[in-house]
Amino acid sequence: MKRRPPVKAVPVVSPEVIAPEIMERARLSLDLERPSRAAKCVVCGDQSSVDAAEQLCWVCRRLKISAWRDSDHQLPAQE
(Lines give C-alpha, C1' and ligand atoms only; values in the text may rest on other atoms or scores of the structure.)
Protein backbone atom coordinates (compact mmCIF):
# COMPACT_ATOMS: atom_id res chain seq x y z
CA MET A 1 0.00 0.00 0.00
CA LYS A 2 1.43 3.34 -1.04
CA ARG A 3 1.22 6.46 1.07
CA ARG A 4 -0.36 9.50 -0.37
CA PRO A 5 1.87 12.55 -0.66
CA PRO A 6 0.94 15.25 1.88
CA VAL A 7 -1.44 17.89 0.63
CA LYS A 8 0.27 21.25 0.38
CA ALA A 9 -1.67 24.13 1.84
CA VAL A 10 -2.15 26.87 -0.67
CA PRO A 11 -2.28 30.28 0.99
CA VAL A 12 -5.40 32.19 0.10
CA VAL A 13 -4.53 35.72 -0.87
CA SER A 14 -7.52 38.01 -0.96
CA PRO A 15 -7.15 41.19 -2.93
CA GLU A 16 -7.68 44.37 -0.96
CA VAL A 17 -11.05 45.73 -1.90
CA ILE A 18 -10.90 48.81 0.30
CA ALA A 19 -7.78 50.90 0.76
CA PRO A 20 -6.32 50.81 4.30
CA GLU A 21 -6.53 54.61 4.59
CA ILE A 22 -10.27 54.52 3.99
CA MET A 23 -10.72 51.71 6.53
CA GLU A 24 -8.77 53.67 9.17
CA ARG A 25 -10.85 56.80 8.60
CA ALA A 26 -14.05 54.73 8.88
CA ARG A 27 -12.86 53.22 12.19
CA LEU A 28 -12.04 56.66 13.58
CA SER A 29 -15.42 58.08 12.57
CA LEU A 30 -17.21 55.18 14.26
CA ASP A 31 -15.25 55.73 17.46
CA LEU A 32 -16.23 59.39 17.48
CA GLU A 33 -19.92 58.64 16.88
CA ARG A 34 -20.17 55.86 19.46
CA PRO A 35 -21.34 57.19 22.82
CA SER A 36 -18.99 56.72 25.70
CA ARG A 37 -20.31 54.07 28.10
CA ALA A 38 -17.93 54.97 30.88
CA ALA A 39 -17.98 57.82 33.35
CA LYS A 40 -15.55 58.74 36.08
CA CYS A 41 -16.01 57.72 39.69
CA VAL A 42 -16.73 60.73 41.89
CA VAL A 43 -14.48 59.35 44.65
CA CYS A 44 -11.37 57.96 42.99
CA GLY A 45 -11.73 58.99 39.31
CA ASP A 46 -11.64 55.43 37.94
CA GLN A 47 -14.10 54.18 35.29
CA SER A 48 -17.68 53.73 36.46
CA SER A 49 -20.93 52.75 34.83
CA VAL A 50 -23.10 55.48 33.33
CA ASP A 51 -26.30 53.58 34.20
CA ALA A 52 -25.76 53.68 37.97
CA ALA A 53 -27.67 56.15 40.11
CA GLU A 54 -24.48 57.31 41.80
CA GLN A 55 -21.34 57.43 39.72
CA LEU A 56 -19.10 55.11 41.72
CA CYS A 57 -16.65 52.53 40.42
CA TRP A 58 -17.14 48.96 41.61
CA VAL A 59 -14.51 49.28 44.35
CA CYS A 60 -15.99 52.43 45.87
CA ARG A 61 -19.50 50.97 45.58
CA ARG A 62 -18.42 47.85 47.50
CA LEU A 63 -16.72 49.97 50.16
CA LYS A 64 -19.89 52.03 50.54
CA ILE A 65 -22.08 48.93 50.90
CA SER A 66 -19.62 47.44 53.38
CA ALA A 67 -19.62 50.63 55.45
CA TRP A 68 -23.44 50.65 55.52
CA ARG A 69 -23.50 47.04 56.73
CA ASP A 70 -20.98 47.81 59.46
CA SER A 71 -22.96 50.81 60.67
CA ASP A 72 -26.22 48.78 60.74
CA HIS A 73 -24.67 46.10 62.95
CA GLN A 74 -23.49 48.51 65.64
CA LEU A 75 -25.69 48.58 68.68
CA PRO A 76 -26.72 51.93 70.06
CA ALA A 77 -24.97 52.86 73.31
CA GLN A 78 -27.15 52.57 76.42
CA GLU A 79 -27.19 55.45 78.84
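Predicted, not measured: the structure shown is a model, and the values here were computed from it.

A. Geometry of the overall build of the protein. Along the protein, the regular secondary structure elements total two helices and two strands. Secondary structure elements of the protein, listed N to C terminal, follow the sequence α-β-β-α. For the protein, buried positions account for 8% of its 79 residues. Summarising the internal contacts of the protein: among those between residues at least 6 apart in sequence, 0% fall at separations of at least 24.

B. Structural context of the pattern of salt bridges. Enumeration according to the criterion identifies two salt bridges in this entry. Here Glu24 ties to Arg27 by a salt bridge, and the two come within 3.2 Å at their closest N and O atoms. Of this pair, Glu24 and Arg27 both sit in helix H1 (residues 20-33), three residues apart, which is roughly one turn of that helix. Overall, Arg27 belongs to the partly exposed group, its relative accessible area being 46%. Salt-bridge contacts for Glu54 lead to Lys64; the nearest nitrogen and oxygen are separated by 3.4 Å.

Conventions and cut-offs
Residues numbered from 1 in each chain as written. Predicted model: local features only at pLDDT ≥ 70, side-chain atom pairs only at ≥ 80, totals over all residues. Heavy atoms only, no water. Helix = DSSP H or I, 4+ residues; strand = E, 2+ residues; numbered from the N terminus. Buried < 20%, exposed > 50% of the residue type's maximum accessible area, 1.4 Å probe, protein only. Contact = heavy atoms within 4.5 Å. Salt bridge = Lys/Arg side-chain N within 4 Å of Asp/Glu carboxyl O.

By themselves, these are just geometric observations and shouldn't be taken as functional.
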